[in-house]
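Report on the structure
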Amino acid sequence: MEQSEVFSAGEKWIPAILADACTGCGLCVEACGPRSLAIVEKIATLAFPDTCGSEEHWVSACPENAIQMIWAPFSGDMGAGQWRKVESQPQLQYN
Ligand code: SF4
């Protein structure tokens, strides 16, 4: 399987932000090398999930423990981040 292959159904290891715990401080945005996170309406958001490298360093950057890594349904270019293939499940699109 080549890196440019696109999964029709899969899961990607990505950060999930707990909105109730996030203060919008922006430390995770600064810690993210590929700049996949952004502050949107004062809450950290995975604004560019396709560039996410699943690297987890933003988890330790958060003073509020507001970020957890999860396997989330995903589709797109598997060239970035950690993926696992799922045989049959509904697809979610992240724009
Ligand atoms: S570091 Fe934590 S509290 Fe600060 S913006 Fe990111 S998720 Fe929110």
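Preceding this section is the structure that the text describes.
Residues numbered from 1 in each chain as written. Predicted model: local features only at pLDDT ≥ 70, side-chain atom pairs only at ≥ 80, totals over all residues.

When helices and strands are tallied, the protein shows 2 helices and 5 strands. Sequence-ordered secondary structure for the protein, helices as α and strands as β, is β-α-β-β-α-β-β. Looking at the 95 residues of the protein, the share that counts as buried comes to 19%. (Helix = DSSP H or I, 4+ residues; strand = E, 2+ residues; numbered from the N terminus. Buried ≥ 20, exposed ≤ 12 C-beta atoms within 10 Å, placed from the backbone.)

All right, on to unusual backbone geometry then. Negative phi values dominate among residues other than glycine, just as trans dominates among peptide bonds. The backbone of Glu41 sits at a positive phi, close to 50 degrees, despite the residue not being glycine. Structurally, the position occupied by Glu41 is in the loop between strand S2 (37-40) and strand S3 (43-46). Residue classification places Glu41 among the exposed positions, given that 7 C-beta atoms sit within 10 Å. Phi is positive for Glu56, which is not a glycine, with a value near 75 degrees. Within the secondary structure layout, Glu56 lies in the loop between S3 and helix H2 (57-61). Since 13 C-beta atoms lie within 10 Å of it, Glu56 is described here as partly exposed.

This part takes up the site of the ligand. In the vicinity of the ligand lie 14 residues, with Cys22, Cys25, Cys28, Ala44 and Cys62 positioned nearest. Here the shell around the ligand is built from residues that sort into 10 nonpolar, 3 polar and 1 charged. (Near = placed C-beta within 6 Å. Nonpolar A, V, L, I, M, F, W, Y, C, P; charged D, E, K, R; others polar.)

Within the largest apolar cluster, 10 residues are counted, these being Cys28, Cys32, Leu37, Ala44, Leu46, Cys52, Trp58, Cys62, Ala66 and Ile67. Once you skip the residues sitting within four places of it in the chain, Ala66 turns out to touch Ile17, Leu18, Ala21 and Cys22. (Core = buried A, V, L, I, M, F, W, Y, C linked by C-beta atoms within 7 Å. Contact = placed C-beta atoms within 7 Å.)

Attention now goes to the environment of Gly24. Within the secondary structure layout, Gly24 lies in the loop between strand S1 (6-17) and helix H1 (27-31). Residues Gly24 and Thr45 lie 21 residues apart in sequence; the distance between their C-alpha atoms is 9.6 Å. Leave out the neighbours within four places in its chain, and Gly24 touches Ile39, Lys42, Ile43 and Ala44.

With that out of the way, let us pick up the environment of Glu55. Mapped onto the elements of the fold, Glu55 is located in the loop between S3 and H2. Distance in space between the C-alpha atoms of Glu55 and Pro15 is 9.3 Å, their sequence separation being 40 residues.

This part is about the pairing of S2. Across 4 bridges, S2 lies against S3 in antiparallel orientation. In the sheet register, Val40 faces S3, and the bridge partner there is Ile43. Linking S2 to S3, which pair antiparallel, is a turn of 2 residues; within it Glu41 sits at a positive phi near 50 degrees. (Pairing = 2+ DSSP bridges.)

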